[in-house]
Number of protein chains: 2
Amino acid sequence: MQRYFAKDQIDDKFILEDSDYHHIKNVMRMDNKDNIEVVYNNNLYLAKIDDIKENIISKVKKIEIQKQKRPEIVLYIPLLKEQKMDYILQKSTELGVNTIIPIETSRSIIKIDEKKYLKKRQRWMKICKEASEQSKRITIPEIGFLETIDSLKEVKSVKLVCSTKEKTKNLKNIVKTIKDCDKINVVIGPEGGLLEEEENTLIKNGFIPVSLGDRIMRVETVPLFILSAINYEYME
Amino acid sequence: MQRYFAKDQIDDKFILEDSDYHHIKNVMRMDNKDNIEVVYNNNLYLAKIDDIKENIISKVKKIEIQKQKRPEIVLYIPLLKEQKMDYILQKSTELGVNTIIPIETSRSIIKIDEKKYLKKRQRWMKICKEASEQSKRITIPEIGFLETIDSLKEVKSVKLVCSTKEKTKNLKNIVKTIKDCDKINVVIGPEGGLLEEEENTLIKNGFIPVSLGDRIMRVETVPLFILSAINYEYME
């Protein structure tokens, strides 16, 4: 069944984005009495289209769902070209990322001012919302504001940085030792990697350098590998 | 260092594809005495450009490399639209797939005759070769001929089929029990999944149905998840 994230709820009526009403009418061609799934406040509901012309959608009942069993995953991702960024956002959403925080790094080719960033962030949030509906999530990944390597010293909980220099500790060794944590933060470097001083700054601030193995992956593949690996680790 | 797969070797000279000579000269702008890495017969060599005009590249020495520790992974993938197929080929190569075998399934939208298929296969092999050079593999994934669900009864070794109906056995349960096998075959269904009779045919032919967890992934994301998960499982 088609799923939509509601932006508001008034009594037992859900208020959707205009683009969702458009999707319901003109893409899905639904009509009165058709059912949809609506997510509001991280809860899932069965809902019914009462009046398609007036955009009236009312709650039928709450659907009980299992809460996710694995820790939250926060990915820190270098600014990349639009297409790669869109791709990471869509795939990471499918693979259950909780938060994506873009970071400025010396080697990342993309530089951007705050005004431009906020505009991009709007677009990225839309991509994550649509991917969340498609993959039937009950949460939409959050997209943080642009951070710098230095500003990450405030990060709490488990903190990892993907390192090409690290030879002894790999992602698996570490994840095995932290099974009961509530959140895993992972910093991913740009094409060409983080500068040594950037990696050292993170390590100084409590980030554990981990290897991802011998394979050479493109930057946009790394988030998918990490999310897949952690999802797999927490399968029961 | 730039890596190329040689198509032949005569004495200590490597013969590359014309497109690779073009890449060396016009994209990388290399010159005489520059070094490159050359893979020939699954061996890696340091090589030197002796005469760039005459395309003379000679072996300097063999580079010793570790053999892969995990089983071979063979993915059976439904025919998909070109862009999704290209994407799977590139990313699966980065993630170390050994063989990709396209399959015809009832629900896959793409139908194709043998002549067209062979043409496509040429293109796909090129994509895999380039991705193998980029990700510094010493093997290029093989791309099989188009198979049907029925023809898969000949498949040997560990055989899995990704199932949306399977509720008890997931990928992790199974992979944990087969750690020492030499090859893992995985069948991935099309958008909308395999028909029940297709899945039953595979099960009758010895394929084990496995769940990939609760997440709803697009078809093109599934191969990446499976490869990442198995790579992670075999990390040491």
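Conventions we followed
Residues numbered from 1 in each chain as written. Chains lettered and ligands numbered in written order. Predicted model: local features only at pLDDT ≥ 70, side-chain atom pairs only at ≥ 80, totals over all residues. Heavy atoms only, no water. Helix = DSSP H or I, 4+ residues; strand = E, 2+ residues; numbered from the N terminus. Buried < 20%, exposed > 50% of the residue type's maximum accessible area, 1.4 Å probe, protein only. Contact = heavy atoms within 4.5 Å. Polar contact = N/O pair within 3.5 Å; in protein donor to acceptor, adjacent residues only side chain to side chain. Pairing = 2+ DSSP bridges. Axes fitted to C-alpha atoms, helices over the stretch in contact; angles between N-to-C directions. Core = buried A, V, L, I, M, F, W, Y, C linked by side-chain atoms within 4.5 Å. Phe/Tyr/Trp six-rings, centres within 6.5 Å; stacked < 30°, edge-to-face > 60°. Lys NZ or Arg CZ within 6 Å of the ring centre and 35° of its normal.

(A) Seen up close, the environment of Arg137 of chain A. Residue and element names in this part refer to chain A. With respect to the helices, strands and loops of the structure, Arg137 is situated in the loop between α3 (114-134) and β9 (142-143). The class for Arg137 is buried, based on a relative accessible area of 8%. Distance from Arg137 to Tyr4, taken between C-alpha atoms, is 9.8 Å for residues 133 residues apart in sequence. What Arg137 contacts, discounting residues up to four positions off in sequence, is Arg3, Phe5, Val39, Ser92, Thr93, Gly96, Val97, Asn98 and Ser132. In this structure the side chain of Arg137 is engaged in a polar contact, spanning 2.8 Å, whose partner is the backbone oxygen of Thr139.

(B) Representation of the sheet that holds strand β2 (residues 8-10) of chain B. Residues and elements named next belong to chain B. Pairing is mixed across the open sheet formed by six strands, whose spatial order is β1-β4-β5-β6-β3-β2. A single partner strand is all that each edge strand has here, and the edge strands are β1 (3-5) and β2. On average, adjacent strands in this sheet sit at an angle of 40° to one another, irrespective of strand direction. With three bridges joining them, β1 and strand β4 (residues 35-40) adopt parallel strand pairing. Within the sheet, the bridge partner assigned to Phe5 lies in β4 and is Val39.

(C) Region of interest: the nonpolar core. One finds Ile226 of chain A together with Ile226 of chain B to be the most contacted residues of the largest nonpolar core, which totals 86 residues. Excluding residues within four positions of it along the chain, Ile226 of chain A makes contact with Leu75, Cys162, Leu171, Val186, Ile188 and Leu212 of chain A.

(D) Spotlight on the packing of aromatic side chains. This model, assessed by the stated rule, comprises eight aromatic pairs over all chains. A centroid spacing of 6.4 Å and a plane angle of 55° characterise the contact between Phe14 of chain A and Tyr40 of chain A, whose relative ring orientation is tilted. One end of the pair, Phe14 of chain A, is in strand β3 (residues 13-15); the other, Tyr40 of chain A, is in strand β4 (residues 35-40), with 26 residues separating them in the sequence. Tyr40 of chain A carries the same exposure label as Phe14 of chain A, and that label is buried. Through pairs of rings, three or more aromatic residues link up here, namely Phe14, Tyr40 and Tyr45 of chain A. Above the ring of Phe145 of chain B, the side-chain terminus of Arg121 of chain B is found at 4.1 Å from the ring centroid.

(E) Expanded view of the sheet that holds strand β2 (residues 8-10) of chain A. All names here are of chain A. If you walk across this open sheet you meet the six strands as β1-β4-β5-β6-β3-β2, and the pairing is mixed. Edge positions in the sheet fall to β1 (3-5) and β2, since each of these pairs with one other strand and no more. Each strand axis lies, on average, 40° off the axis of its neighbour in the sheet, ignoring direction. Note that β4 and strand β5 (residues 43-51) share six bridges and pair antiparallel. Opposite Asn35, over in β5, you have Lys48 as the bridge partner.

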